[in-house]
Amino acid sequence: MMGLSQCLFLFFIFFFRGCSTSTTHEQPSYCPDEESTALLQFKHSFTINASASSLVGANPKVWSWKTAQGGNNTSCCTWDGVECDEQTGHVIGLDLRSSCLYGSINSNSSIFRLVHLQRLNLADNHFNYSHIPTSIRNFPRLTHLDLSGSVFSGRVPSEVSQLVKLSLLNLSSNTDPSSGVGLLKLDVSNFRSLVKNVTSLEHLRLRYVNISSTIPHSMANLSFLTTLDLHQCELFGDFPVTVFHLQNLRSLYLRDNQDLIGYLPEFNQNLSANKFVGPIPDSFANLTQLTVSRISTSPLTGPVPSWIGNFSKLVYLDFSYSRLNGSILASFSNLTNLEILYLQYNDLRGTVEFQTFQNLQNLNQLDLSVNNLEFLTDSVITNAKVPQFQVLGLARCNLTQFPYFLRYQKNLQNLYLDQNKIHGLVPKWMWNMSTESLKYFNLGRNLLSGFEQLPDVLPWVNLRFLSLSSNMFHGPLPIPAASTLGYEVQDNNFAGEVPPGICNLSSLLALDVSNNNFSGMIPQCFGNFSDHLTLFLLGNNSFHGTLPQTYTNKSNLRMLDVSQNQLQGQLPRSLANCLMLETLILSNNNLSDVFPIWLGTLPELKLLAMRHNGFHGVIGKPKNNQRFPKLRLLDMSYNNFTGQFLVEYICKYQIEQYR
């Protein structure tokens, strides 16, 4: 539901824009009544919800759709997002992208009575997991169909391949809003029919649609094709080399199709590829007007070619996750328009000086992580000479100290300094770095031992993830901002009680404080966090007392590890509310209770480890058939159980047992 402020904001946008909003073409004063009625019925089949569209300032265009006084329809040709034929008045275009529409759509929707439609854009709304209706066949004149990012699910109907006049088809990014998993599936036969029948296609975007197929050779017959986006479509087999010969092709996206293979030929097109092998072709040297080059996640080999420095118009260069070797060339400093440079996860070697990038004032994203580089930075750097980064990746770059230029960074969002050799203390000037913008900070796997002037709460007010893991930190636990979703401090020497400020992190999804020297009681507030908390790892410390007692029936907890502590007492019976719990590790404590047969109601529990505790008594037959439906590993050794143990009391499937 929209908040009051959002409703008022959207109302004033509409009010001041006025109801006279229309298309850019001169429109007749009427449209057929049946088409106005169909549009109004379509409008009333949805609710307006600001969260249904991701675009900031999204405008609910249907708010301008209304009947005139007396109940007569106004001309729908004057309505926002509606385009009519200048001669007949028939509705031929409907652009409702980012209109905050929420609800379901099916084949009986009144929109399918608009049989003269040529352009339909419903992108960036929330159609609540609806299937794409088969009545899409009612639009044989369609040239543009955009259903992207609108939470459609299920199989793409074969009727889409009957829309033979399409020049644009966009079904991309129909993903689950919570998990990001693609929701649409395009059957192999329908994929091949689409490529075979719709020969006028200029833009085909199927990102995150599960196709699970090879790419048909008939794709090379789409002679008008300029954009082909098949990112993460579960494609496999050989990529048809003839596609590269399409004269109009300008953009090709094939990333994250792990079983798709092929070779880059000598050619003159601009593309983004995936899993193509061999060196970067020398013919690329002719593409001096190139602005974007993304050939990441490919087993490309050989050095970065020297002619890359001639690409003076290059804005975005991505060679990440490949097998490139050699050094980073000084000629990168010639790319003065460069904004994004990704070279992470290659085999680049040698030293690279910050001075190479220092004069690239447009550069805001730089990632050199996980190569064999030694990153060198001059300590005498003035603020005026430093690019302002949003993303900076220097993981495993053989750093021994914090780069001095970081003190001048005000806009960092993601900072990767993990897997280095940074030692000593975190300097106090770090607390002034990007305090408003930093969201992701990984400082894990270094040699750090402490902090200069540690504040009560870390200053990054919008932080989402912080890793201090695998260092040598000691002393009290730093407390990040309340916005933090993930916090890792495992494998350090932090000691003492967990500060009460941790209870302000009520949005935590994952917390790992294992393998430290914490003592005292586990804060009871962690039980209240279980509605959000997914991973809760406290193993190998010196906590004592009882487990947090309160877990609600909205719990999202999946893994709880409190092993190797000094916990006492009984298990809280509210753990039975944790219906998502998969792993429960209680080993090596002083817990004293009967066997928790009541945990048998947990539908997802796969691992239950209870060894080296004081659990006792007879394990009897459960009441109400409370058997563990998915349990695969049970470790209850070194306890005080008595009587006969029958595995069928616990699980109807075979499990591994340790007694």
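All values derive from a computational prediction rather than experimental measurement. One numbering rule holds for all chains: residues counted from 1, following each sequence as written. Restriction of local features to residues with pLDDT of at least 70 applies here, the model being predicted, together with a cutoff of 80 or more for giving and counting side-chain atom pairs; totals for whole chains, interfaces and linings are based on all residues. Only hydrogens and water are removed before side-chain values are computed, so all heavy atoms of the structure are retained for them.

(A) The arrangement of the sheet that holds strand β40 (residues 590-591) in detail. Pairing is parallel in the open sheet, where six strands are placed in the order β30-β32-β34-β36-β38-β40. This sheet does not close on itself; its edge strands, each paired only once, are β30 (474-475) and β40. Criterion used throughout: strands pair if DSSP finds at least two bridges between them. What counts as a helix is a DSSP run of H or I of at least four residues, what counts as a strand is a run of E of at least two, and both are numbered from the N terminus. For strand β36 (residues 542-545) and strand β38 (residues 566-569), the ladder comprises two bridges, and the chain directions are parallel. Residue pairing across strands places G545 opposite L567, the latter belonging to β38.

(B) Broad picture of the pairing of strand β21 (residues 347-353). Of the strand pairs in this sheet, strand β19 (residues 323-326) and β21 are connected by two bridges, and their pairing is parallel. When the sheet's bridge partners are listed, G326 is paired in β21 with L348. One ladder, built from five bridges, connects β21 with strand β23 (residues 372-376); its direction is parallel. Looking across to β23, one finds that V352 is bridged to F375.

(C) Fine view of the confidence of the model for the protein chain. When the pLDDT values of the protein chain are averaged, the result is 86; 87% of them are 70 or greater. Each residue carries a pLDDT score, the predictor's confidence in it, ranging from 0 to 100. Residue contacts are counted whenever heavy atoms from the two residues lie within 4.5 Å of one another. Note that residues 1-29 has pLDDT below 50 and, in this model, 41 contacts with residues that lie over four places away or in other chains. Across residues 267-275, where pLDDT falls below 50, the model places 52 contacts with residues more than four positions away in sequence or in other chains.

(D) Quick peek at the pattern of salt bridges. Salt-bridge detection follows one rule: a side-chain nitrogen of Lys or Arg within 4 Å of a carboxyl oxygen of Asp or Glu. Considering all chains together, one arrives at 14 salt bridges under this definition. Residue E83 is joined to R119 by a salt bridge in which the shortest nitrogen-to-oxygen separation is 3.0 Å. Here E83, found in strand β2 (residues 82-84), pairs with R119, found in strand β5 (residues 119-121); they are 36 residues apart in sequence, far enough to count as distant. Each residue's exposure class comes from its accessible area (1.4 Å probe, protein chains only) as a fraction of the maximum for that residue type: buried when under 20%, exposed when over 50%, partly exposed otherwise. Residue class for R119 comes out partly exposed when judged on its relative accessible area of 26%. Salt-bridge contacts for D187 lead to R155; the nearest nitrogen and oxygen are separated by 2.4 Å. A residue pair is termed long-range when its members are at least 10 positions apart, and D187 in the loop between β9 (184-185) and α3 (188-197) and R155 in strand β7 (residues 154-155) qualify at 32 residues. Ionic contacts of the salt-bridge type, sharing partners, join the residues K61, D95 and R97 into one network.

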